[in-house]
Amino acid sequence: MFFYHGAADRIAAACALIGGAYAKRKPLVVHAPDPGVASAIDRALWTQSQLGFIPHCRADSPLAAETPILIADSLAGVAGERLMNLGLELPEGFERFASLIEVVGQDDADRNAARERVRRYKEQGCEVRYFDLSDR
C-alpha cells in the first residue's frame, strides 16, 4: 500500500499519480465515492495538458472494459489490479486489489479520516509505505 500524504492539491496529486500509472501501462481503478471528487478527477484528466491524453471513463460506461483508467463510485462489480482510494472511508472490497494507493490532502478532515484508514489497513495486515507530498 502506498500512502501519499500532505498534498497541497489532492486532485492534482492524484492526477499526477494516475498519469504515472498510465505512462507505465498500469491500469488503475480510481475509487471516488463523492460525486464532486469524481467529477473533479474526470475534468482534470481532460484538461491537464502536461500529462497528455489519459484514456479514462466511469466504471459504468460501456467503454469501461477497454479503458485503462476507471473512475468508480463503488467497487461492487469492478475488477482490477490497482486501486486508488479518494474516499474518506475504507473502500469495501479493497483487499481484492494487488496494490492500493491513497492520496491525502492537507485539510484536517481528510487527514483525520486518513489516519483512521491507515489504522484499519494495518489491523488487516497491510504494509503501509508513506510518501510526503507537502514539500512539492
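Structure: above.
Summarised in this report is the structure supplied together with it. As the structure is a prediction and not an experimental result, all values here were calculated from the model.

Once that is clear, we can look at the side chain of Arg 82. Among the structural elements, Arg 82 can be located in strand S5 (residues 82–85). For Arg 82, the side chain forms a polar contact with the side chain of Glu 81, separated by 3.4 Å. If we skip the residues at most four places from it in the chain, Arg 82 touches Lys 26, Pro 27, Leu 28, Val 29, Phe 97 and Ser 99.

Tallying each qualifying case throughout the model produces zero disulfides. The thiol of Cys 57 is not disulfide-bonded; the next cysteine sulfur, from Cys 15, is found 15 Å away. Judged by relative accessible area, which is 11%, Cys 57 ranks as buried.

Once that is clear, we can look at the packing of aromatic side chains. Applying the stated criterion to the full structure yields four aromatic pairs. On the basis of an interplanar angle of 75° and a centroid distance of 5.6 Å, the ring pair of Phe 3 and Tyr 130 is categorised as edge-to-face. Of the two residues, Phe 3 is situated in strand S1 (residues 2–7) and Tyr 130 in strand S7 (residues 129–132); the sequence distance between them amounts to 127 residues. Residue classification places Tyr 130 among the partly exposed residues on the basis of a relative accessible area of 41%. On the numbers, 4.8 Å between centres and 20° between planes, the contact of Tyr 4 with Phe 131 is stacked. Highlighted residues: Tyr 4 in strand S1 and Phe 131 in strand S7, separated in sequence by 127 residues. For Tyr 4, a relative accessible area of 16% translates into the label buried.

Sheet architecture is open: seven strands sit in the order S3-S4-S2-S5-S6-S1-S7, paired in parallel fashion. One side of each edge strand has no neighbouring strand; the edge strands of this open sheet are strand S3 (56–58) and S7. Averaged over all neighbouring strand pairs, the angle between strand axes comes to 20°, with direction disregarded. Here S1 runs beside strand S6 (residues 99–105); their pairing, made up of four bridges, is parallel. Paired with Phe 3 across the two strands is Glu 102, which belongs to S6.

Quick look at the pattern of salt bridges now. Applying the stated criterion to the full structure yields six salt bridges. Residues Arg 82 and Glu 81 are paired through a salt bridge, measuring 3.4 Å at the closest nitrogen-oxygen approach. With relative accessibility at 17%, the residue Arg 82 sits in the buried group. One salt bridge connects Arg 119 with Glu 123, and the closest N-O pair in it is separated by 2.3 Å. Residue Arg 119 and its partner Glu 123 are both found in helix H3 (residues 108–123); the two are separated by four residues, about one turn of the helix. Residue Arg 119 is classed as partly exposed on the basis of its relative accessible area of 39%.

Reading the values: rules and limits
Residues numbered from 1 in each chain as written. Predicted model: local features only at pLDDT ≥ 70, side-chain atom pairs only at ≥ 80, totals over all residues. Heavy atoms only, no water. Helix = DSSP H or I, 4+ residues; strand = E, 2+ residues; numbered from the N terminus. Polar contact = N/O pair within 3.5 Å; in protein donor to acceptor, adjacent residues only side chain to side chain. Contact = heavy atoms within 4.5 Å. Disulfide = S-S within 2.5 Å. Buried < 20%, exposed > 50% of the residue type's maximum accessible area, 1.4 Å probe, protein only. Phe/Tyr/Trp six-rings, centres within 6.5 Å; stacked < 30°, edge-to-face > 60°. Pairing = 2+ DSSP bridges. Axes fitted to C-alpha atoms, helices over the stretch in contact; angles between N-to-C directions. Salt bridge = Lys/Arg side-chain N within 4 Å of Asp/Glu carboxyl O.

Shape descriptors only; they carry no functional weight alone.
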